[in-house]
Amino acid sequence: MRTFQLAGIPLVGLLCSLFLGCSAPPAQELADTLVSTESGQVSGVSSEHPVVRWLDIPYAKPPVGDLRWRAPQRLAEVSQERIPSSQGDILCPQEPGEISGTDNDGFVGQEDCLYLDVVAPADYKRGAYPVMFWIHGGGNTSGHKGTYDYSALAARKGVVVVTINYRLGPLGWFTHPALQASAEGLDASGNFGTLDIIAALKWTQRNIAAFGGDPDNVTIFGESAGGRNVYSMLASPLTEGLFHKAIAQSPTAQSYSPQQAYNADMQFPNLDRGSWEVLRELGMDNGAVASKELRELPLQALLGAYYGIDKDHAEPLIVNDGDVIPQEGLLAALANPAYAKNIPVMAGSNRDEVTLWLGLNRYFVDADDVLFGVLPPKLRVREPDVFDYWVKQRGRGWKVRSVDQALGNLEAAGYGSLYAYRFDWDEQADNWFVPFSQVLGAAHASEIAFVMGAPMYGSVGEYMYPDTDSAQAMTEIMMTAWARFARGGTPGAVADKPWPAFSTAQPEVMVLDAGSGSAEPFKDSPGLDGLLAEVAKTQSPLSDLETCMLVWELVTTVGDAAYDEYQQWNKGSCASVDVPAEKAAVRAALTEKYGSPDVL
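Per chain, the residues get numbers from 1 upward, laid out in the order the sequence is written. Since the coordinates come from a predicted model, pLDDT governs what is reported: local features require at least 70, and pairs of side-chain atoms require 80 or more to be given and counted, while whole-chain, interface and lining totals use all residues. To get the side-chain values, take all heavy atoms of the structure and skip hydrogens and water.

(A) Seen up close, the state of the cysteines. Here, the term disulfide refers to a pair of cysteine sulfur atoms separated by no more than 2.5 Å. The final tally for this structure, using the stated rule, is two disulfides. Sulfur-sulfur distance for the disulfide between Cys 92 and Cys 113 comes to 2.1 Å. Judged by the sign of its S-S torsion, about 90°, the bond between Cys 92 and Cys 113 is right-handed. Of this pair, Cys 92 sits in the loop between β3 (51–58) and β4 (115–121) while Cys 113 sits in the loop between β3 and β4, and the two are 21 residues apart along the sequence. Each of the two residues, Cys 92 as well as Cys 113, counts as buried. In this model, Cys 548 is linked to Cys 574 through a disulfide, with the two sulfur atoms separated by 2.0 Å. Across the S-S bond linking Cys 548 and Cys 574, the dihedral sits near -85°, which makes this disulfide left-handed. Separated by 26 residues along the polypeptide, Cys 548 in helix α19 (residues 544–556) and Cys 574 in the loop between α20 (563–572) and α21 (579–594) bring together distant segments of the chain. Only protein chains enter the accessibility calculation, which uses a 1.4 Å probe. A residue is then buried if its area is under 20% of the maximum for its type, exposed if over 50%, and partly exposed in between. Residue classification places Cys 548 among the buried residues on the basis of a relative accessible area of 5%. Regarding the disulfides, the chain carries the connectivity 1-2, 3-4 under sequence-order numbering of its bonded cysteines. Secondary structure follows DSSP: runs of H or I at least 4 residues long count as helices, runs of E at least 2 residues long count as strands, and numbering of each begins at the N terminus.

(B) Geometry of the confidence of the model for the chain. What pLDDT expresses is the predictor's confidence in each residue, scored from 0 to 100. Confidence along the chain averages 92 in pLDDT terms, with 93% of residues attaining 70 or more. Pairs of residues are marked as contacts when any of their non-hydrogen atoms sit within 4.5 Å. Segment residues 1–9 is flagged for pLDDT under 50; beyond a separation of four residues in sequence, or across chains, it makes 46 contacts in the model. Low pLDDT (under 50) marks residues 16–24, which in the prediction has 11 contacts with non-local residues, meaning those over four places away or in another chain.

(C) Examining helix α10 (residues 299–308) more closely. All of the buried residues along α10 are Leu 299, Leu 302, Leu 303, Ala 305, Tyr 306 and Tyr 307. In this fold, the buried residues of α10 make contact with α3 (169–172) and α8 (275–281).

This is the structure we're talking about:
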């Protein structure tokens, strides 16, 4: 996802540097929970909830050596060996950070990372529970299964939850002629992370009954890039029958042609980290390199080249290869009856999505020293009207592009059971240093804690997900709606208010909130053109330059970039403004004045 990200570090990551989380006590192996799978035998471990968890189960061969940049391969034969318990979280290779839960120097993770976890109610042997299959977010460049513990959801709502890893960044999505020249079938796709998710779904179909799950009632759900991967599963011709319902939480919806993913000679200047550019960064000849040479690249060198490229523009992840993702692109494929799964689908966004990135940026927020810098600084929003307007319009834009348009496309393909929501809960536990409810609010990813029933992001989660009546009420709303949808294909009523279906004729969206607004359906679906027209005619607190920056964000993020819309907006009033260059100048100015664009 791309936002007005002057510093590049999410709010939560910086807050975690102030509030250090404590590690949980190690889980204990439980007697009489040994399950036989095609991957081997695995014993369950304990939780604070009445559930059983089975951790670190391999679902495909390790994609290492000659299997790097190939479609995942099924494990050769049914194994009777015991699957060992790992000594820590297994991560696919990525940068360290708050999403991976690491603060290492260099890069973290291992290429042998195709593992999944399962959590089920304690009486899992009794019957077939609905299965919920979680696809983590993180821009398809970061994140891992171990961040998410759905034990409370499994215990309270009687569901089996599967959480997975999949290849990320340059190992997950990489399209290069040298790899394709010697590849056959899906090995030529470039969508290796997408194929991992499909492989994990196939494993789930073959094995989940042993954990008490119903293979005929599987709901995929994911957030952010995980939501985009949910859309990929809906669009792909390879996923028929693998799942029966889908939930996309704050999804993004971009996809790219193979030509864009390679981006030879930087043909597409608004793209970064295409495979041509990565190899150039490595000092390799794109025209002469061989697939064997690429597969033998040291991992750290590959990651260093990929992440060493500044990402000022879009990043080509999810490729319209014609096999895994149709050539017309992700969003267009959702509207094509040829790929329709005709299952219930729910999608939604959070009201204040972009505060996760803006809430500690010095352009919007200032910090006052306390006790000469001995204590953390006291934060305050510089110009609340500018901040609030920007956040509101970007939140609406996220909904328009990734929820309204996608659901409308699904309707055009023949889907009949569609539901939309907006998450509005913003009653965080403010403290004297940080007004969380103002600078964070209903931020991107904040709804996940309420579906899990557990805080995220270390001890800062105690502020984002406080132990209050309102938070507990919100948890019950989210868990109940998600579990009802997984069980029967409809989220049901919220606070005694019916949740209406979504259609282009009646684009009703359920507001999810346990606070003063409470749950209530509403309509606000102007489309991208309508939203841009509103920005043009509305007197806002933004300067002309800020307005152009906002318009750029509205047309180039979340969905496929519409650069022509930017050039033509408001009779070309922003056509001469190079927004990426202007943002770089702002970052440089803030760094020169404060040492960093961030307040912490």
